[in-house]
Amino acid sequence: MKNACLLVVILCISFPAFGAALGQPKRTSMIGYAIGATQVSVDDPRGDTETVWALQPATLIYTARLMSGVRYWSELYYYTANLGAAMDRIGQDVEQFGLQVSLQKSLPVSPGWVTWFGAGIGVSQTNYTTRYTIDNEGYLLARYPDRSDTGAALLLNFVSEWSLSRNWSLGVKLEQAVAVAGDTEGSRGLLALFYRY
């Protein structure tokens, strides 16, 4: 996790904003805040879990142009989710902090509207607490110890952005995360407001 944080900091410092072609906005770096939803699926070592959609209330975004039509997108995010228990499903509370970096390629649709397709990597720290199963009448069947996990995922994402003014943009992001290490993966959708500087 520390190495991933260091990588994002280096990326953000190392790449200055590049000027765009004549007639294009020269401000190519943006910061943003997003709120969204994430689909949570846990590969629990004790058994199956349910898959739920949870609010992702806090996502901070920084993005900057690397060259014409290519940029990097980095984000820090946080969410919690509650997975219900049953006889054959492990109930638990999930809390995840994550850091992601993607390279994205633009596909302009019309003036003021640009889409971006990207791929990247993400790292996360996840805590799984209050792990238990219940019987058919809702009584406690078994209790399991809390655990934590550091994960890594490959990302595929799509972003659509609309300019609201010279400095402000609105964006929608859809993403699929596939775990390569750790026990959590899923899909995400975000609604973001960006400030260009």
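The rules we used
- Residues numbered from 1 in each chain as written.
- Predicted model: local features only at pLDDT ≥ 70, side-chain atom pairs only at ≥ 80, totals over all residues.
- Heavy atoms only, no water.
- Core = buried A, V, L, I, M, F, W, Y, C linked by side-chain atoms within 4.5 Å.
- Buried < 20%, exposed > 50% of the residue type's maximum accessible area, 1.4 Å probe, protein only.
- Helix = DSSP H or I, 4+ residues; strand = E, 2+ residues; numbered from the N terminus.
- Contact = heavy atoms within 4.5 Å.
- Pairing = 2+ DSSP bridges.
- Phe/Tyr/Trp six-rings, centres within 6.5 Å; stacked < 30°, edge-to-face > 60°.
- Lys NZ or Arg CZ within 6 Å of the ring centre and 35° of its normal.
- Polar contact = N/O pair within 3.5 Å; in protein donor to acceptor, adjacent residues only side chain to side chain.
- Patch = residues over 30% accessible without salt bridge, like charges linked within 9 Å, V, L, I, M, F, W, Y side chains within 5 Å.
- Areas by Shrake-Rupley, 256 points an atom, 1.4 Å probe, with all protein chains shown as cover.
- Salt bridge = Lys/Arg side-chain N within 4 Å of Asp/Glu carboxyl O.
- Lys, Arg positive; Asp, Glu negative; His and termini not counted.
- Charge placed at Lys NZ, Arg CZ, Asp CG, Glu CD.

Participant: Would you explain the nonpolar core in this entry?
Facilitator: Soluble globular proteins tend to pack their nonpolar side chains together in the buried interior. Counting residues in each nonpolar core, the largest one holds 10 residues, listed as Val40, Val42, Val52, Ala54, Tyr77, Tyr79, Ala81, Leu83, Val94 and Tyr128. Those elements giving two or more residues to this core turn out to be β1 (29-42), β2 (52-67) and β3 (70-83). Of the residues forming this core, the biggest block, 4 residues, is contributed by β3. Each residue touching Leu83, except ones within four places of it in the same chain, is listed here: Val40, Val42, Thr49, Glu50, Val52, Gly91, Gln92 and Val94. Membership of the second largest hydrophobic core comes to 9 residues, among which are Ala34, Trp73, Trp116 and Leu190.

Participant: When you look at the pairing of strand β4 (residues 91-110) in this model, what are you seeing that I'm missing?
Facilitator: Note on strand geometry: in a regular strand, side chains alternate between the two faces of the sheet. Where β3 lies against β4, 14 bridges are found, and the strand directions are antiparallel. Within β4, the position partnered with Tyr79 by the bridge is Gln96. The pairing of β4 with strand β5 (residues 113-134) spans 18 bridges and is antiparallel. Looking at the pairing, Asp93 lines up with Thr129 of β5. Turn length for the β4-β5 hairpin, with the two strands adjacent in sequence and antiparallel, is 2 residues, and the turn residue Gly112 shows positive phi of about 85°.

Participant: Would you mind going over the packing of aromatic side chains with me for this structure?
Facilitator: A ring pair, where both rings are aromatic, is described by two values, the distance of the centres and the angle of the planes. One pass over the structure, following the stated rule, counts 7 aromatic pairs. Measuring from ring centre to ring centre gives 6.3 Å for Tyr77 and Tyr79, while their planes differ by 10°; the resulting arrangement is stacked. Each member of the pair, Tyr77 as well as Tyr79, carries the same accessibility label: buried. Cation over ring: Arg71 sits above Trp116, and NZ or CZ is 3.9 Å from the ring centre. The cationic tip of Arg188 hangs over the ring face of Tyr77; the distance from NZ or CZ to the ring centre is 4.3 Å.

Participant: I keep staring at the pairing of strand β8 (residues 168-181) and nothing clicks. Help me out?
Facilitator: Two strands pair when backbone bridges link them, and strand β7 (residues 147-163) and β8 are joined in this way by 12 bridges, in the antiparallel orientation. Considered in β8, the bridge of Asn157 is made with Glu175. Hairpin connection, β7 to β8: the antiparallel pair is bridged by 4 residues. Here β8 pairs with strand β9 (residues 184-196) via 10 bridges, running antiparallel. Among the inter-strand pairings, Glu175 is bridged to a residue of β9, identified as Arg188. Taking the residues that link successive antiparallel strands as the turn, the β8-β9 hairpin has 2 residues, and the phi of Gly182 there is positive, at about 95°.

Participant: Whenever I open this one, the side chain of Ser187 confuses me. Can you help?
Facilitator: Residue position: Ser187 is located in strand β9. A polar atom in the side chain of Ser187 sits 2.6 Å from the side chain of Gln176. When neighbours within four sequence positions are excluded, Ser187 is seen to be in contact with Ala37, Thr38, Gln39, Trp53, Glu175 and Gln176.

Participant: Where do I start with a negative patch on the surface in this structure?
Facilitator: Taken together, the side chains of Asp43, Asp48, Asp88 and Glu185 present a region of like negative charge at the surface. Assignment of secondary structure puts Glu185 in strand β9. With relative accessibility at 37%, the residue Glu185 sits in the partly exposed group.

Participant: Whenever I open this one, the environment of Gly186 confuses me. Can you help?
Facilitator: If you trace the backbone, Gly186 turns up in strand β9. We classify Gly186 as buried; its relative accessible area is 9%. Along the sequence, Gly186 and Gln39 sit 147 residues apart, while their C-alpha atoms lie 5.1 Å from each other. Setting aside its immediate chain neighbours within four residues, Gly186 contacts Gln39, Glu175, Gln176 and Ala177.

Participant: Hey, could you run me through the side chain of Ser160 in this one?
Facilitator: Relative to the helices and strands, Ser160 is located in strand β7. In this structure Ser160 comes out as buried when scored by relative accessible area, which is 5%. For Ser160, the residues in contact, after removing those within four places along its chain, are Trp113, Val114, Thr115, Leu170, Gly171 and Val172.

All quantities given are derived from atomic positions and should not be read as evidence of function.
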